[in-house]
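# Commentary on secondary and tertiary structure
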Amino acid sequence: MEFLTEPIPTWALCYLINGDSTGLTENDIAMIDNWYADNNVQTITTASENEGSAHPYFSHFPAFGLASEVVDCIVMTY
């Protein structure tokens, strides 16, 4: 197992963490699922200093998709 810190788009967090695809298009879901499978992702948690506090910022290079607001997340992969 490997633990990486990845900039995950905030618009994808509900789907990745809670399985809630509300507001996402079929293309969004396919893009997220492809990234998840291609990287052998097992779990994703926000990388915050305090429980419940995430610090979003803008990134030109998120883990997937176009430039957007992201949150650093701990990604566990095989």
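Every value quoted in this text rests on a predicted model; they were computed, and no experiment measured them. (Residues numbered from 1 in each chain as written. Predicted model: local features only at pLDDT ≥ 70, side-chain atom pairs only at ≥ 80, totals over all residues. Heavy atoms only, no water.)

## Remarks on helix α2 (residues 26-38)
What sets the pattern is the α-helix's 3.6 residues per turn: residues three or four places apart point alike. For α2, spanning 13 residues, the distance from its first C-alpha to its last is 18 Å, which sits close to the expected 18 Å at 1.5 Å a residue. Within the sequence span of α2, burial applies to Asp 28, Ile 29, Ile 32 and Trp 35. One side of α2 carries all its buried residues, which in axial view fall inside an arc of 130°. Structural note: α2 exposes Glu 26, Asn 27 and Asp 38 on the side pointing more than 90 degrees away from its buried face. Considering only its buried residues, α2 is in contact with β1 (2-9), α1 (13-18), β2 (41-46) and β4 (68-77). In the stretch just after α2, Asn 40 is the one whose phi turns positive, near 50°. (Helix = DSSP H or I, 4+ residues; strand = E, 2+ residues; numbered from the N terminus. Expected span 1.5 Å × (residues − 1). Buried < 20%, exposed > 50% of the residue type's maximum accessible area, 1.4 Å probe, protein only. Arc of directions from axis to C-beta. Contact = heavy atoms within 4.5 Å.)

## Examining the packing of aromatic side chains
Applying the stated criterion to the full structure yields two aromatic pairs. Where Trp 35 meets Phe 64, the ring centres are 5.1 Å apart and the plane angle is 50°; that geometry is what we call tilted. One end of the pair, Trp 35, is in helix α2; the other, Phe 64, is in the loop between β3 (57-59) and β4, with 29 residues separating them in the sequence. Taken as a pair, Trp 35 and Phe 64 share a single burial class, namely buried. Aromatic ring contacts, followed pair by pair, group Trp 11, Trp 35 and Phe 64 into a single cluster. (Phe/Tyr/Trp six-rings, centres within 6.5 Å; stacked < 30°, edge-to-face > 60°.)

## Details of the side chain of Ser 68
Tracing the chain through its elements places Ser 68 in strand β4. Residue classification places Ser 68 among the buried positions, given a relative accessible area of 11%. Once residues within four sequence positions are removed from consideration, Ser 68 is found in contact with Pro 9, Trp 11, Tyr 57, Phe 58, Ser 59 and Pro 62.

## Notes on the pairing of β4
Burial of β4 is extensive: seven of the ten residues sit out of reach of the surface. With eight bridges joining them, β1 and β4 adopt antiparallel strand pairing. Bridge assignment links Pro 7 to a residue of β4, and that residue is Asp 72. Of the strand pairs in this sheet, β2 and β4 are connected by five bridges, and their pairing is antiparallel. Paired with Thr 45 across the two strands is Ile 74, which belongs to β4. (Pairing = 2+ DSSP bridges.)

## Considerations on the state of the cysteines
Evaluation of the coordinates by the stated rule reveals zero disulfides. Cys 73 takes part in no disulfide bond, and the closest cysteine sulfur to it belongs to Cys 14, at a distance of 12 Å. In this structure Cys 73 comes out as buried when scored by relative accessible area, which is 0%. (Disulfide = S-S within 2.5 Å.)

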